Amino acid sequence: MYVVCGEHLEQAIDEFVEVYEMPPDLYELEEVSLTDWTAPNRCTFCDRPPKYLVV
Ligand SMILES: [Zn+2]
């Protein structure tokens, strides 16, 4: 699972495909609310606030 900013979305997708050999599902963080999970407050690849969830 990757939580990324807009700039690193492509990188996250690339890595996901490499690792899992299938395309990930994309969600906008604003649209997902998981009760038992709190989104990290920074991107996986940089210090920006994340915008997308790649799973
Ligand atoms: Zn980033």
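For the structure itself, consult the block above.
All values reported here derive from a predicted model rather than from experimental measurement.

S.K.: Could you clarify how one ought to interpret the coordination of the zinc ion in this entry?
M.R.: For a metal with four tetrahedral donors the ideal donor-metal-donor angle is 109.5 degrees, while six octahedral donors give ideal angles of 90 or 180 degrees. The coordination sphere of the zinc ion contains the protein donors C5 (SG), H8 (ND1), C43 (SG) and C46 (SG), at a distance range of 2.0 to 2.3 Å. Geometry at the zinc ion is tetrahedral, judged from the four donor atoms that bind it and their angles of 101 to 116° at the metal. The motif formed by the donor residues of the zinc ion, counted along the single chain, is C-x2-H-x34-C-x2-C. Judged by its relative accessible area of 15%, H8 is buried.

S.K.: I keep staring at a nonpolar patch on the surface and nothing clicks. Help me out?
M.R.: Side chains of V19, Y20 and M22 sit close together on the surface and give an oily, nonpolar patch of about 320 Å² of accessible area. Residue placement: M22 occurs in the loop between α1 (9-20) and β2 (26-28).

S.K.: Quick question: what am I supposed to make of the pattern of salt bridges here?
M.R.: If the charged atoms of two oppositely charged side chains come close together, the side chains can form a pair. Counting across every chain of the model gives two salt bridges. Ionic pairing is found between R48 and E7, a salt bridge with its closest N-O pair at 3.3 Å. You can see R48 sitting in the loop between β2 and β3 (52-54) and its partner E7 sitting in the loop between β1 (2-4) and α1, a full 41 residues away along the chain. In this structure E7 comes out as exposed when scored by relative accessible area, which is 55%. D47 serves as the salt-bridge partner of R42, at 3.1 Å between the closest nitrogen and oxygen. Classification of R42 by relative accessible area gives partly exposed; the value is 47%. Residue class for D47 comes out exposed when judged on its relative accessible area of 58%.

S.K.: Explanation requested: the nonpolar core in the structure shown.
M.R.: The tendency in soluble globular proteins is for nonpolar side chains to be buried as a group. Residues Y2, V4, C5, L9, A12, F16, C43, C46, Y52 and V54 constitute the largest nonpolar core, which totals ten residues. Those elements that provide at least two residues to this core are β1, α1 and β3. Take this core: its biggest share by element is three residues, from α1. Ignoring anything within four residues of it in the chain, the contact list for Y52 reads Y2, V3, V4, C5, G6, L9, Y27, E28 and L29.

Scoring rules and cut-offs
Numbering of residues begins from 1 in every chain and follows the order in which that chain's sequence is written. A pLDDT threshold of at least 70 governs which residues receive local features in this predicted model, and a stricter bar of 80 or more applies before side-chain atom pairs are shown or counted, although totals over entire chains, interfaces and linings include all residues. The side-chain figures draw on all heavy atoms in the structure; neither hydrogens nor water molecules are used. Coordinating donors are taken as N, O and S atoms within 2.8 Å of the metal, stretched to 3.2 Å for Na, K and Ca; because water is absent from the atoms, sites can appear incomplete. Working rule for geometry: tetrahedral if four donors all subtend angles between 85 and 135 degrees; square planar for four, octahedral for six, if opposite donors exceed 155 degrees and the others stay between 65 and 115; irregular in every other situation. Buried, partly exposed and exposed residues are distinguished by accessible area as a fraction of the type maximum, computed with a 1.4 Å probe on protein chains only: under 20%, between the cut-offs, and over 50%, respectively. Each patch is assembled from residues with relative accessible area greater than 30% and no salt bridge, linking like charges that lie within 9 Å and nonpolar side chains (Val, Leu, Ile, Met, Phe, Trp, Tyr) that lie within 5 Å. For accessible areas, the Shrake-Rupley method is used with a probe of radius 1.4 Å. Any residue's cover is judged against the shown protein chains and nothing else. Definition used for salt bridges: Asp or Glu carboxyl oxygen within 4 Å of a side-chain nitrogen of Lys or Arg. In DSSP terms, a helix is any run of H or I states spanning at least four residues, a strand is any run of E spanning at least two, and both are numbered starting from the N terminus. By convention a nonpolar core is built from buried Ala, Val, Leu, Ile, Met, Phe, Trp, Tyr and Cys residues, the set being connected through side-chain atoms within 4.5 Å. Should any heavy atoms of two residues lie within 4.5 Å, those residues are considered in contact.

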